[in-house]
Amino acid sequence: MLRRRGSGATGDPSGSALVGRGVVLATVLLVAVVCLPRLVPRSQSDDHGTFVSVAERLLAGDRLYVDVWDNKDPVFYWVMALGRLVSPVADVAVEIAWMLLACVATWLLARSRGLGRTLSLLVSGLALLVLTGSAYIAGMTHLPGIALALAAIASAWRRHWVVAGIIVGLVVL
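In this text the structure is predicted, and so the values were computed from the model without any measurement.

Trainee: Help me out: how do you make sense of a nonpolar patch on the surface in this one?
Mentor: The grouping of Trp78, Val162, Ile166, Leu170 and Leu173 at the surface amounts to a nonpolar patch, some 490 Å² of accessible area in total. At three residues, the largest contribution of residues to the nonpolar patch is made by helix H7 (residues 161-172). Locating isoleucine 166 in the fold gives a position in helix H7. With relative accessibility at 53%, the residue isoleucine 166 sits in the exposed group.

Trainee: Help me understand the nonpolar core, please; the structure alone is not making it clear to me.
Mentor: With 21 residues, the main nonpolar core has Trp98, Met99, Leu128, Tyr136, Leu143 and Ile167 as its most contacted residues. The set of elements that each furnish at least two residues to this core consists of helix H1 (15-35), helix H4 (90-112), helix H5 (117-131) and helix H6 (142-157). Judged by nonpolar contacts, the second largest core, of eleven residues, contains Phe51, Val54, Leu64 and Phe76.

Trainee: Can you help me understand the environment of valine 104 in this one?
Mentor: Summarising the element assignment, valine 104 is placed in helix H4. Spatially, the C-alpha atoms of valine 104 and glycine 125 are 9.8 Å apart, while their sequence positions differ by 21 residues.

Trainee: I would appreciate a short explanation of the confidence of the model for the protein in the present structure.
Mentor: Residues shown with low pLDDT carry predicted positions that ought not to be read at fine detail. Of the residues in the protein, 90% have a pLDDT of 70 or more, and the chain-wide mean is 85. Here residues 1-9 is a poorly scored stretch, pLDDT under 50, and it has six contacts once near neighbours within four places are set aside; other chains count.

Trainee: Would you take a moment to explain helix H3 (residues 74-86) for this structure?
Mentor: The α-helix advances 3.6 residues per turn, and as a result positions three or four apart in sequence lie on the same side. The end-to-end C-alpha distance of H3, which contains 13 residues, comes to 19 Å, matching closely the 18 Å that a straight helix rising 1.5 Å per residue would cover. Of all the positions in H3, only Pro74, Val75, Phe76, Tyr77, Met80, Ala81, Gly83 and Arg84 are classed as buried.

Thresholds, definitions, all that
Residues numbered from 1 in each chain as written. Predicted model: local features only at pLDDT ≥ 70, side-chain atom pairs only at ≥ 80, totals over all residues. Heavy atoms only, no water. Patch = residues over 30% accessible without salt bridge, like charges linked within 9 Å, V, L, I, M, F, W, Y side chains within 5 Å. Areas by Shrake-Rupley, 256 points an atom, 1.4 Å probe, with all protein chains shown as cover. Salt bridge = Lys/Arg side-chain N within 4 Å of Asp/Glu carboxyl O. Helix = DSSP H or I, 4+ residues; strand = E, 2+ residues; numbered from the N terminus. Buried < 20%, exposed > 50% of the residue type's maximum accessible area, 1.4 Å probe, protein only. Core = buried A, V, L, I, M, F, W, Y, C linked by side-chain atoms within 4.5 Å. pLDDT = per-residue confidence, 0-100. Contact = heavy atoms within 4.5 Å. Expected span 1.5 Å × (residues − 1).

Have a look at this one:
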């Protein structure tokens, strides 16, 4: 049986496949650059100011729901407090980390459904675009819940039951 040169049958990608991968990579990078400013929490937001205050009180030694209280989950505050332990502007890094977790989980889900690496990368980039859509507000508690839920689903789909169970436990917290 004859194989076309560069058809990918021998593991050698053709020129058009390389161009397609380049276009997908450029598209995902463009989406990331466009979405990056949306990941910066606004300090003018009343809610975000409350979150920062609670995280700072935790770092000062107060106990959550005893000495300082807000109606958000503890994991949200513990992660925020850990970030603020490193830097007072770590809110942006924490937000980016949650978004990366959501995108990696989406990539893993796409891969586990049989999509190739390039198409999975495109799906992950589209997930970034969807997650930072009009309903998204940086620094709020929705993104950690979504990222953890996607990670739990991806872990379960890949039959990593213990990891999925731990992540579900974090979502419940």
